[in-house]
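# Observations on the three-dimensional arrangement
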Amino acid sequence: MRVHFTKMQGAGNDFVVLDETSADLGLTPDQYRFLADRHFGVGADQILSVRPSPAPGIDFQYVIHNADGGEVEQCGNGARCFMRFVHERGLTSRDTVRVQTLSGVIEPRLNADGRVTVDMGAPIFETARVPFDADGLHPLARGDWEQWHLVLGSRAEGDVISVGVLSMGNPHAVQIVEDVDTAPVARQGPLIENHPRFPQRVNAGFMQIVDRGRIRLRVFERGSGETLACGTGACAAVVAGIRLGLLDARVDVQTRGGLLTIEWAGLGHPVLMTGPAVTVFAGEIELA
Ligand SMILES: N[C@H](CCC[C@H](N)C(=O)O)C(=O)O
């Protein structure tokens, strides 16, 4: 099957985008993994499928698969690229659309300066909804929020880290580090991602607080490994920092791939994420 695709990136988090508005391609996990493969396929952190409206009042459906072929609930950098894609392909003439994802409706908006702002919805803190298995654990109260001690690996080698746990539709565990450049992302990332207390695994954030309006962030993503940026990870990190009393309501997030700006007015409010969305090239590929 010959498939047309568009390669895009948002702050270096890169995507293969498929226009499935005329017909679902019906791809398998193996085919998603092939498209994401940086040696045998196109190469991407996630594969984004643009599908027709599922209901009145909703413009599109947005389906996301990680590089490991697994479908996931949300992708922030992908949502910005989604908006650029539907605009460039003439699938909408509007600068904002309503998009159904597995975790709810999001509203990306194309700004005059070329960046894209997305209402990512409100963060979720109930551990059962992240999901995070807190049974038998005693939280550490910090700010107006709880932190959890996680033992990584076997008790012998076990790092014990303190994480904030929350969902942006997808699960995140965020820890504060002195310096993201020396943080043990490669070693701790997989141990956090696959920690048994996260039944659906988790995205692992490593946040360095520069000042109350700026952080540096690295994320070891569930199903994709460390990426140059993670949009939902940036939202989760800023929300965690605000709840710990360490950040103001508007924060610039410096990732290895670029700058994102996150705004959150507090409990009950949505998180707004603003950042770049770039079309790199289009092509076709033969799928077995
Ligand atoms: N790896 C994530 C999905 C992609 C999130 C990230 N690329 C973003 O920009 O939010 C997960 O398994 O929940």
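As the structure is a prediction and not an experimental result, all values here were calculated from the model.

Rules used in this analysis
Residues numbered from 1 in each chain as written. Predicted model: local features only at pLDDT ≥ 70, side-chain atom pairs only at ≥ 80, totals over all residues. Heavy atoms only, no water. Helix = DSSP H or I, 4+ residues; strand = E, 2+ residues; numbered from the N terminus. Contact = heavy atoms within 4.5 Å. Phe/Tyr/Trp six-rings, centres within 6.5 Å; stacked < 30°, edge-to-face > 60°. Buried < 20%, exposed > 50% of the residue type's maximum accessible area, 1.4 Å probe, protein only. Lys NZ or Arg CZ within 6 Å of the ring centre and 35° of its normal. Salt bridge = Lys/Arg side-chain N within 4 Å of Asp/Glu carboxyl O. Expected span 1.5 Å × (residues − 1). Pairing = 2+ DSSP bridges. Arc of directions from axis to C-beta. Near = heavy atom within 4 Å. Polar contact = N/O pair within 3.5 Å; in protein donor to acceptor, adjacent residues only side chain to side chain. Areas by Shrake-Rupley, 256 points an atom, 1.4 Å probe, with all protein chains shown as cover. Nonpolar A, V, L, I, M, F, W, Y, C, P; charged D, E, K, R; others polar. Core = buried A, V, L, I, M, F, W, Y, C linked by side-chain atoms within 4.5 Å. UniProt positions renumbered as here; feature names shortened; annotations may be inferred.

### Comments concerning the side chain of T101
Relative to the assigned elements, T101 resides in strand 6 (residues 99-101). Sequence-distant contacts of T101, defined by excluding residues within four places in its chain, comprise Y62, E73, Q74 and I106.

### Quick look at the packing of aromatic side chains
As enumerated under the stated definition, the model contains seven aromatic pairs in all. Summarising the aromatic geometry, the rings of F125 and W264 are spaced 6.2 Å apart at their centres and angled 50 degrees between planes, so their arrangement reads as tilted. One end of the pair, F125, is in the loop between strand 8 (116-119) and strand 9 (140-142); the other, W264, is in strand 17 (residues 258-264), with 139 residues separating them in the sequence. One exposure class covers both F125 and W264, and it is buried. Ring-pair connections join several aromatic residues into one group, and the members of that group are F60, Y62 and F82. The ring of F125 carries R243 above its face, with NZ or CZ at 4.4 Å from the centroid.

### Observations concerning the pattern of salt bridges
Scanning the entire structure with this criterion turns up 26 salt bridges. Here D19 makes a salt bridge to R89, at a shortest N to O gap of 3.0 Å. Of this pair, D19 sits in strand 2 (residues 13-19) while R89 sits in the loop between helix 2 (76-88) and strand 6; the two residues are 70 residues apart in sequence, bridging distant segments of the chain. Between R33 and D30 there is a salt bridge, with its nearest N and O atoms 2.5 Å apart. Of this pair, R33 and D30 both sit in helix 1 (residues 29-36), three residues apart, which is roughly one turn of that helix.

### Some details on helix 4 (residues 231-243)
Taking 1.5 Å per residue, 13 residues should reach 18 Å; helix 4 reaches 18 Å between its end C-alpha atoms and fits that length. Counting buried residues along helix 4, 13 of its 13 residues qualify, which places the element largely inside the surrounding structure. Two residues or fewer past helix 4, G245 is found with a positive phi of approximately 80 degrees.

### Considerations on the environment of A277
Within the fold, A277 resides in the loop between strand 18 (271-275) and strand 19 (278-286). When near neighbours in sequence (up to four residues on either side) are disregarded, A277 contacts Q9, R80, C81, R84 and V116.

### Details of the pairing of strand 10 (residues 145-152)
Sheet topology note: the strand 9/strand 10 ladder contains three bridges and is antiparallel. Bridge assignment links L140 to a residue of strand 10, and that residue is Q147. Between the antiparallel neighbours strand 9 and strand 10 lie two residues, among them G143 with a positive phi of about 60 degrees.

### Some details on helix 3 (residues 185-193)
V185, Q188, G189, I192 and E193 are the residues of helix 3 that are buried. The arc that holds every buried residue of helix 3, seen down its axis, measures 130 degrees, which confines them to one face. Among the structural elements, strand 10, strand 11 (159-167), strand 12 (171-176), strand 13 (203-211), strand 14 (214-221) and strand 15 (225-227) are those in contact with the buried residues of helix 3.

### Some words on the site of the ligand
The environment of the ligand is formed by 15 residues, the closest being G76, E221, R222, G231 and T232. Here R222 contributes a side-chain N or O atom positioned 2.8 Å from an oxygen atom of the ligand. Surface burial for the ligand is 100%, taken as the share of its 360 Å² of free accessible area covered by protein chains. Contributions of two or more residues to the shell around the ligand are made by helix 2 and helix 4. Split into classes, the residues belonging to the shell around the ligand amount to three nonpolar, ten polar and two charged.

### A word on the nonpolar core
Grouped together as the largest cluster of nonpolar side chains are 53 residues, with contacts concentrated most on Y62, I215, L217, V253 and I262. In this structure Y62 touches L48, S49, Q74, C75, G78, A79, F82, V99, Q100, T101 and I106, once residues within four positions along its chain are discounted. Within the second largest apolar cluster, 20 residues are counted, among which are W148, V163, F198 and F206.

### Some details on the UniProt feature "binding site: substrate" (unreviewed entry) in the chain
Residues annotated in UniProt with the feature "binding site: substrate" (unreviewed entry) correspond here to N13, Q46, N66, G76, N77, N170, N203, E221, R222, G231 and T232. Tracing the backbone through its elements, the reader meets N13 in strand 2. In this view, N13 contacts M8, D45, Q46, C75, N77, E221, T227, A229 and C230; residues no more than four positions away in its chain are not counted. Separated by 2.8 Å, the side chains of N13 and D45 make a polar contact. Mapped onto the fold, T232 is located in helix 4. Among residues more than four places away in sequence, those in contact with T232 are Q74, C75, G76, M120, M168, N170 and H172. At a separation of 3.1 Å, a polar atom in the side chain of T232 contacts the side chain of H172.

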